[in-house]
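Residue-level structure breakdown
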Amino acid sequence: MARFTFVALALLAITVGFTQAGGDKDFRVAAQFTKDDPKDPQRGGPSQTHVVPLKAGKTYTIDMVSTDVDSFLRLLDEKGKQLEEDDDSGGNLNARIVFACTKDGSFKVVCTTFGAPDTLGSYTLTVKSSAAVQPPGTAHARMIGAAAPDLRGDFAVNGSAVKLSELKGKVVLLDFCDVRSSQSAALLSHLSRWHKAYQAKGLAIVAITFYTSDINPALAFDKDAGKIVTIQDADHQSDRVLLGVYAAHHKIEHLLLALPKKDALAAYDAYAINGVPQLVLIDRKGMVRQIDVGGEKSVPQVESELKKLLAEK
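Along every chain, residues carry numbers that run from 1 in the direction the sequence is written. With pLDDT at 70 or above as the cut-off, local features in this predicted model cover only qualifying residues; side-chain atom pairs require 80 or more to be listed or tallied, and sums for whole chains, interfaces and linings still use all residues. In computing side-chain properties, one takes all heavy atoms of the structure into account and sets aside hydrogens as well as water.

In this text, helices come from DSSP runs of H or I with a minimum length of four residues, and strands from runs of E with a minimum of two, each type numbered from the N-terminal end. Scanning the chain from N- to C-terminus turns up five helices and 16 strands. Accessible area is worked out with a 1.4 Å probe on protein chains only. A residue is then buried under 20% of its type maximum, exposed over 50%, and partly exposed in between. Each of the 313 residues in the chain was classed as buried or not, and the buried ones make up 50%.

Time to look at empty space enclosed by the protein. Cavities and pockets were defined on a 1 Å grid built over protein atoms only: a cavity is a set of grid points that admits a 1.4 Å probe from which the probe cannot escape, a pocket is an open set flanked by protein on both sides within 12 Å along at least five of seven lines, and lining residues are those with an atom within 4 Å of any such point. Grid points are joined across faces, edges and corners, and a volume is the space filled by probe spheres set on the points. Across all of its chains, the model carries two cavities of 30 Å³ or more by this definition. Considering only enclosed or pocket space, the largest cavity measures out at about 70 Å³ in volume. Looking at the largest cavity, the residues that line it are Asp175, Cys177, Asp178, Val179, Ser184, Leu188, Ala207, Leu243, Tyr246, Ile252, His254 and Leu256. For the lining of the largest cavity, the elements supplying multiple residues, two or more each, are helix H2 (182-198) and helix H3 (236-249). When residues are sorted by character, Ala, Val, Leu, Ile, Met, Phe, Trp, Tyr, Cys and Pro go into the nonpolar class, Asp, Glu, Lys and Arg into the charged class, and all the rest, Gly among them, into the polar class. Considering only residue class, the lining of the largest cavity consists of eight nonpolar, two polar and two charged. In this model, the second largest cavity occupies a volume close to 40 Å³. In terms of lining residues, the second largest cavity is bounded by Val179, Thr209, Phe210, Tyr211, Thr212, Asp239, Leu242 and Leu243. Mapped onto the lining of the second largest cavity, the elements with two or more residues apiece are strand E11 (203-210) and H3. Sort the elements by how many residues they give to the lining of the second largest cavity and H3 lands first, with three residues. Classifying every residue of the lining of the second largest cavity by side-chain character gives five nonpolar, two polar and one charged.

So, about the sheet that holds strand E4 (residues 71-76). Read across the open sheet, the four strands follow the order E2-E7-E4-E5; overall the sheet is antiparallel. Edge positions in the sheet fall to strand E2 (48-54) and strand E5 (82-86), since each of these pairs with one other strand and no more. Direction aside, the axes of adjacent strands within the sheet are offset by 20 degrees on average. In this description, strands pair whenever DSSP reports at least two bridges between them. Bridging between E2 and strand E7 (residues 105-113) involves seven bridges; their strand directions are antiparallel. An axis is simply a line fitted to the C-alpha atoms; with a helix, the fit covers only the stretch in contact. Between two such axes, the angle follows the N-to-C directions and lies from 0 to 180 degrees.

What follows deals with the pairing of E5. Bridge count for E4 against E5 is four bridges, and the pairing is antiparallel. By the bridge assignment, Leu75 is partnered in E5 with Glu84. Between E4 and the antiparallel strand that follows it, E5, lie five residues; Gly80 among them carries a positive phi value of about 90 degrees.

Extensive coverage of E7 is indicated by the burial of eight of its nine residues. Across six bridges, E4 lies against E7 in antiparallel orientation. Within the sheet, the bridge partner assigned to Phe72 lies in E7 and is Thr112.

This part is about the confidence of the model for the chain. The predicted coordinates should not be examined in detail at positions where pLDDT is low. Across the chain, each position has a pLDDT score giving the predictor's confidence in that residue, from 0 to 100. Mean pLDDT over the chain works out to 86, with 88% of the residues at or above the 70 mark. Below a pLDDT of 50 lies the segment residues 1-23, which in the model reaches 65 contacts outside its immediate sequence neighbourhood of four places, other chains included. Should any heavy atoms of two residues lie within 4.5 Å, those residues are considered in contact.

Our focus in this paragraph is the pattern of salt bridges. Criterion for a salt bridge: a side-chain nitrogen of Lys or Arg within 4 Å of a carboxyl oxygen of Asp or Glu. Per the counting criterion, the structure on display carries nine salt bridges. Arg96 is paired through a salt bridge with Asp63; the nearest N and O atoms lie 2.6 Å apart. Here Arg96, found in strand E6 (residues 95-100), pairs with Asp63, found in strand E3 (residues 59-65); they are 33 residues apart in sequence, far enough to count as distant. On the basis of relative accessibility, which here comes to 36%, the residue Arg96 falls in the partly exposed class. Note that Asp283 and Arg289 form a salt bridge whose closest N and O atoms lie 3.0 Å from each other. Connected via shared salt-bridge partners are Asp283, Arg289 and Glu312.

Okay, the packing of aromatic side chains next. To pair, rings of Phe, Tyr and Trp, with the six-membered ring standing in for Trp, must have centres within 6.5 Å; the planes then decide the type, stacked if under 30 degrees apart, edge-to-face if over 60, and tilted in the middle. Following the criterion strictly, the structure yields seven aromatic pairs and no others. Ring plane angle 20 degrees and centroid distance 6.2 Å describe the contact between Phe72 and Phe114, whose orientation is recorded as stacked. With Phe72 in strand E4 and Phe114 in the loop between E7 and strand E8 (122-130), this pair connects stretches of sequence that are 42 residues apart. With relative accessibility at 0%, the residue Phe72 sits in the buried group.

In a helix, the anticipated span is given by 1.5 Å times the number of residues less one. Under the 1.5 Å per step criterion, the end-to-end length of H3 is 20 Å for 14 residues, consistent within 8% with the ideal 20 Å. Within H3, the full set of buried residues consists of Asp239, Leu242, Leu243, Tyr246 and Ala247. Across the axial projection of H3, the buried residues extend over an arc of 125 degrees, all falling on one side. Where H3 is buried, its residues contact strand E9 (155-157), H2, E11, strand E12 (219-222), strand E13 (227-230) and strand E14 (255-259). At the N-terminal boundary of H3, the capping side chain belongs to Asp235, with an oxygen 3.1 Å from the backbone nitrogen of Gln237. Read the arc as the range of directions from the helix axis to the C-beta atoms. The definition of a polar contact used here is a pair of N or O atoms within 3.5 Å, where within protein one atom must be able to donate a hydrogen and the other to accept one, and adjacent residues in sequence count solely through side-chain atom pairs.

The topology assignment puts Asp175 in strand E10 (residues 171-176). By relative accessible area, which is 1% here, Asp175 ends up buried. Counting along the chain gives 30 residues from Asp175 to Ile205, while the straight-line C-alpha distance between them is 7.4 Å. When near neighbours in sequence (up to four residues on either side) are disregarded, Asp175 contacts Leu187, Leu191, Val206, Ala207, Ile208, Pro277, Gln278 and Leu279.

This is how it looks when you write it as structure tokens:
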């Protein structure tokens, strides 16, 4: 996901009229995001932090449910170090973290939003415990070695809007990205280098994004300023123009697919997208072999793995 340097969040802890719970009791709070909430340093949307005592030896299911916003959860330890994060593992636009606690302490559950940073609304946060630690595999870990879920966009830059399954026989690198994300943009130089170096050897890089107008922001790309700008109105057609200008500005030569809202939500759910950029490496047989969240810092590991996959026959 787009990862940023974390600032100290201790002062952001709030008391929103909830029953303090933890350990042997379930925790539940119904809350409302407001324009006065601090901006999340990672996602940029409104954020509220709840302090929840957890006990070693228990597994906790942390759910953020909302019909108003695209829920996003982060779990921090007492010192503010991030332990887990999630976007849509709770189904639809709900976030879920399953956490096996190994140390007693007061943990910080940060509730925020994914995308549309100015969107406000209500949500419910629950933390439920079970008796014994059963370390769960993450959604990404469960995907490794499994068949890659199929997807298809309805618009493409640098090619046609193919189905992923049509690329079977190639090594495919999916780049789930967002034109608003500086981390997504920072990864483009590496994707360009890989495209030029390995395309002839069987690598297909496919950038996957969505129509920004589907989640409210009306945006365009100012090619003179070289950045995304807000406009009065937008629709799929103007979003397609944005993607074409964005690709030209960044000299993108690999395939860029745009997915309409329903298909984008299904794809993001299927690939457990917790943020962008997220890279997914798929072998020639259509099996997921590596998932990387965050972008640039993992470039050497991703390139090493794609070389291995290209060498496989």
